[in-house]
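# Chain and residue survey
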Amino acid sequence: MFLFSCGQQANKQELKSENTQVEALSLTVDQLLEQAPELADQQVVVKGTVMHVCQQGGQRCFLMGSNEDITIRIEAGEKIGAFKQEQMGSELEIVGLLKEVKTEADAHNPGAEHGEMENAEDAETQEAHKILAENQEAAERVFFVEGVTVKEL
């Protein structure tokens, strides 16, 4: 029995080291956007070409994927500080937290999620909630990265 339990611990350690390797895998912008719904609220590593640095303090930049239509916004945050205009055209590797942009409908919370609509709502308010919910379902999901570290490649 002792040998069996020791063997189990070794397997768990191997799995942990394999998971660490998977988490450290660097994704292109295209790959990140394809996998974004599954990776939301997780730490990611993304590589891409800087196509824009915001001129108002460099608080964000945009990394380009395989073409100019495929981009992701990177927020500098406290740890990075700011991006520089000189980084335009550079290849960067960003480690950060992948976040989804929350819409107005998310913040509104019409109450239907909890199984009950409030009795105080009139027909106009209920219709507005229905329209918000339908539009949110049809809307494209938008993601950005809260940067923690940046490395120029």
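In this report, the structure presented in the accompanying data block is examined. Since the structure is predicted, the reported quantities are computational estimates derived from the model, not experimental observations.

## Things to note about the pairing of strand E4 (residues 71–75)
Both strand E3 (residues 60–64) and E4 contribute to a ladder of five bridges, which runs antiparallel. The residue of E4 that forms the bridge with Met 64 is Thr 71. Linking two consecutive strands that pair antiparallel, namely E3 and E4, is a turn of six residues. In this structure, E4 lies alongside strand E6 (residues 143–152), joined through three bridges in parallel fashion. Counterpart to Ile 74 in the pairing with E6 is Val 145.

## Observations regarding the pairing of E6
For a regular strand, side chains alternate in direction, first toward one face of the sheet and then toward the other. As paired strands, strand E5 (residues 91–100) and E6 are joined by nine bridges and run antiparallel to one another. Residue Val 95 lies in a different strand from E6, and its bridge partner there is Thr 149.

## Looking at helix H2 (residues 29–39)
Residues Val 29, Asp 30, Leu 32, Ala 36 and Leu 39 constitute the buried set of H2. The inward-facing, buried residues of H2 contact strand E1 (27–28), strand E2 (43–53), E3, E4, E5 and E6. Downstream of H2 by one or two residues, Asp 41 has phi in the positive range, about 65 degrees.

## Focus on the layout of surface pockets
The rolling of a water-molecule-sized probe over the atoms marks out the regions of remaining empty space. In this structure, the largest pocket occupies an estimated 290 Å³ of space. Lining the largest pocket are 15 residues, and of these Leu 33, Thr 71, Glu 140, Val 142 and Phe 143 lie nearest its centre. Of all elements in the fold, only H2, E4 and E6 reach the threshold of two or more residues within the lining of the largest pocket. By residue class, the composition of the lining of the largest pocket is 10 nonpolar, one polar and four charged.

## Structural notes on the pattern of salt bridges
For the coordinates displayed, the defined rule picks out three salt bridges. Arg 60 is the salt-bridge partner of Glu 75, the closest N and O atoms lying 2.9 Å from each other. In this pair, Glu 75 sits in strand E4 while Arg 60 sits in strand E3, placing the two residues 15 residues apart along the sequence. Assessed through its relative accessible area of 32%, Arg 60 is described here as partly exposed. Of the charged contacts in the structure, one is a salt bridge between Glu 75 and Arg 73, with a shortest N-O distance of 2.6 Å.

Parameters at a glance
- Residues numbered from 1 in each chain as written.
- Predicted model: local features only at pLDDT ≥ 70, side-chain atom pairs only at ≥ 80, totals over all residues.
- Heavy atoms only, no water.
- Pairing = 2+ DSSP bridges.
- Helix = DSSP H or I, 4+ residues; strand = E, 2+ residues; numbered from the N terminus.
- Buried < 20%, exposed > 50% of the residue type's maximum accessible area, 1.4 Å probe, protein only.
- Contact = heavy atoms within 4.5 Å.
- 1 Å grid on protein atoms, 1.4 Å probe; cavity = no way out; pocket = protein on both sides within 12 Å on 5 of 7 lines; lining within 4 Å.
- Points joined across faces, edges and corners; volume = space filled by probe spheres on them.
- Nonpolar A, V, L, I, M, F, W, Y, C, P; charged D, E, K, R; others polar.
- Salt bridge = Lys/Arg side-chain N within 4 Å of Asp/Glu carboxyl O.

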